[in-house]
Amino acid sequence: MKLQLKRIRVFSILVLFAATTPIFAATTPDKSTALLPDSPAPVWTKSSFMDDLLSAVENEGYESALALYDTVPAKYQGDTDLQIIKASLLLSTNKLSDAKKICTTLLSKDSKNTEVLSLAATVSKAQGNKSEWNKYIKEIIAIDPYNAEANISLGENEFTRKQYKQSRLYFQKALVHDPKNLDALFGVGQTSYYLEDDDKATATFKKILEINPEYAPAYSYLGKIAGANEEYQIASNYALEAVVRDDTNYDYVMDYGMFERNLGHYDNAAKAWTTAISIDPTYFLAYAYRAGLYDEQDMFKEALNDYLMVIKTNPDYYFAWESIGVLYLHEKEWKKAREAFEKCYEYNKTNISYPLMITYCYYMAKDSLNAKKFSDKVLPKLDRSSMDYAILRVFHDLAGEGPLIQKISTLTNSNQKGKMYFYIGLLYDMIGGKEAANKYYLEVVNLNSPMFFEYRIAEWSVGELNVK
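Residues numbered from 1 in each chain as written. Predicted model: local features only at pLDDT ≥ 70, side-chain atom pairs only at ≥ 80, totals over all residues. Heavy atoms only, no water.

(A) Spatial organisation of the overall build of the chain. A tally of helices and strands in the chain yields 26 helices and zero strands. For the chain, with 468 residues in total, the buried portion stands at 46%. Across the chain, every contact between residues at least 6 apart in sequence was considered, and the portion connecting residues at least 24 apart equals 49%. Accessible surface, the chain as shown: approximately 24500 Å² in total, 52% of it carbon and sulfur. (Helix = DSSP H or I, 4+ residues; strand = E, 2+ residues; numbered from the N terminus. Buried < 20%, exposed > 50% of the residue type's maximum accessible area, 1.4 Å probe, protein only. Contact = heavy atoms within 4.5 Å. Areas by Shrake-Rupley, 256 points an atom, 1.4 Å probe, with all protein chains shown as cover.)

Printed below as a string of structure tokens:
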């Protein structure tokens, strides 16, 4: 995106100068006589050089355009217009020191040239010199308080700091003398979105589309606003408009898939997230979304493959390990399930679910020795008066659940109550009390409160009971 913006900047500078620069030669050689032996060499003109630069940038790249500067006559080597373009080309090829030298030279001749000051600010920002960037921007604002480019830069800077109100003020100032500036309008719309000012955001993005109907980010944000208001069909339509205009944008495709998912169009959602994966197979999010969708549809093999890809692309996303553990439990692969929950426990030592699941997996793998060894290490770390300690103690001993069940029945928090009932059911499952286990699994399912991963395992067990 940054390179694209630099390319746009160079093009805009070239087009502007090419349109406003007079032809310095009185005549241009006629093509019909240019190749005759006695024909004079074509006269170098500033305007023709601008055309050559524009053609080189468009067809051959920045380096080829820079090479053309070797043909500039000595008389024009210090020309301000040509040097501004050269500095922009150097910036676009990341030759920041050379670009800065040109800016410094030009400012020594005219310290109030806002075009040069803006370019110098851009170079300073690219070099990571924030204080110098700030100095140049302040100089521009002192000369022209409503300078669009400077105010946009200030707006973007405040946006990165999440100072959305101040950011929007700068973008609005940029519009005072340039009311159709798309960057400034987008800034107003985007900051309004984050300020939850949906009416202003919507109006601004629609204004952008009146100016440029092909502006994909405006469609994207209109989709986000509709989605936040649960207008999923409208959101999906806008997201698709964004995708049509930029089908390589990961975020647009992800949003489209999400809105289609909310509409119940699961095949479309899966296809969208598959497309997102093809756009960037190294990023975890599309795998996570598609895994969740497959999981809900009981496509366990496909879901498991995607969850494993989530971990591969983002090892710190331990929630995927949780789902991996649950799916391996479903397949009764106790060792793999235990290893997954061990990963969860590495990342979150405070969730008692993980030690309980690890202990359970050891027992189900007929490894009671390691089950007790593991829980022996965890128990001393827990508050002896806590519910967590009591339930893990019961798992360790495979006994003593009676008083705990009574205590669980008095809980008022439905999530905590359901979770504890689940582990009582799991305990009975371990020791062969299937009928008692199902009683507590039913208690969990009847809570209708699936706010913990264990709920799914209870549902599976109850489902098996209903089948029988």
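Structure's up, so let's keep going.
(B) Focus on the pattern of salt bridges. Summed over the entire model, instances satisfying the criterion amount to 18 salt bridges. The salt bridge partner of E339 is K335, with a shortest N-O separation of 2.6 Å. With E339 and K335 both in helix α19 (residues 334-347), this residue pair falls four residues apart, about one helical turn. Judged by relative accessible area, which is 51%, K335 ranks as exposed. A cluster of three or more residues bridged by salt bridges with shared partners is formed by K46, D79 and D81. (Salt bridge = Lys/Arg side-chain N within 4 Å of Asp/Glu carboxyl O.)

(C) Just the packing of aromatic side chains, in detail. Tallied over the entire structure, the rule returns 31 aromatic pairs. Between the aromatic rings of Y428 and Y440, the centroid separation amounts to 6.0 Å while the plane-to-plane angle is 25°, which identifies the pairing as stacked. Placement of Y428 in helix α24 (residues 414-430) and of Y440 in helix α25 (residues 434-446) is noted, with a sequence separation of twelve residues between them. Each member of the pair, Y428 as well as Y440, carries the same accessibility label: buried. If you follow K135 out to its NZ or CZ, it ends over the ring of Y136, 4.1 Å from the centre. (Phe/Tyr/Trp six-rings, centres within 6.5 Å; stacked < 30°, edge-to-face > 60°. Lys NZ or Arg CZ within 6 Å of the ring centre and 35° of its normal.)

(D) Molecular detail of the packing of helix α14 (residues 250-262) against helix α15 (residues 266-279). Their axes nearest at 7 Å, the elements α14 and α15 cross at an angle of 165°. Taken together, the axes of α14 and α15 lie roughly antiparallel to each other. In this structure, α14 meets α15 at a crossing whose hand is left-handed. Only Y266, N268, A269, A272, W273, T275, A276 and I279 of α15 make contact with α14, whose side of the interface consists of Y250, V253, M254, Y256, G257, M258, E260 and R261. The residue inventory of the contact of α14 with α15, partitioned by class, reads eleven nonpolar, three polar and two charged. (Axes fitted to C-alpha atoms, helices over the stretch in contact; angles between N-to-C directions. Parallel < 35°, antiparallel > 145°, perpendicular 65-115°, else oblique. Left-handed = near helix turned anticlockwise from the far one by under 90°. Nonpolar A, V, L, I, M, F, W, Y, C, P; charged D, E, K, R; others polar.)

(E) Up close: unusual backbone geometry. One non-glycine residue, N94, adopts positive backbone phi at about 65°. The topology assignment puts N94 in the loop between α4 (80-92) and α5 (96-109). Residue class for N94 comes out exposed when judged on its relative accessible area of 54%. The residue K366 is not glycine, and still its phi comes out positive at about 65°. In this structure, K366 sits in the loop between α20 (353-364) and α21 (368-378). Residue classification places K366 among the exposed positions, given a relative accessible area of 78%.

(F) Quick look at a positive patch on the surface. There is a patch of like positive charges on the surface, built from K349, K373, K377 and K381. Considering the arrangement of structural elements, one finds K377 in helix α21. Judged by relative accessible area, which is 62%, K377 ranks as exposed. (Patch = residues over 30% accessible without salt bridge, like charges linked within 9 Å, V, L, I, M, F, W, Y side chains within 5 Å. Lys, Arg positive; Asp, Glu negative; His and termini not counted. Charge placed at Lys NZ, Arg CZ, Asp CG, Glu CD.)

(G) Examining α25 more closely. If you check α25, its first and last C-alpha atoms are 18 Å apart, about what 13 residues at 1.5 Å a residue would give, namely 18 Å. Every buried residue belonging to α25 is among A437, N438, Y440, Y441, V444 and V445, and all of these are buried. End-on, the buried residues of α25 take up no more than an arc of 165°, which puts them together on one face. The exposed set on the far side of α25, more than 90 degrees from its buried face, consists of E435 and N446. (Expected span 1.5 Å × (residues − 1). Arc of directions from axis to C-beta.)

(H) Representation of the nonpolar core. Within the largest apolar cluster, 108 residues are counted, with the highest numbers of intra-cluster contacts made by M357 and F395. The biggest single contributor to this core is α24, with nine residues. In this structure F395 touches L356, T359, Y360, Y363, Y423, L426, L427 and M430, once residues within four positions along its chain are discounted. Among the nonpolar cores identified, the runner-up in size contains 37 residues, and A99, I102, L119 and A121 belong to it. (Core = buried A, V, L, I, M, F, W, Y, C linked by side-chain atoms within 4.5 Å.)

Shape descriptors only; they carry no functional weight alone.
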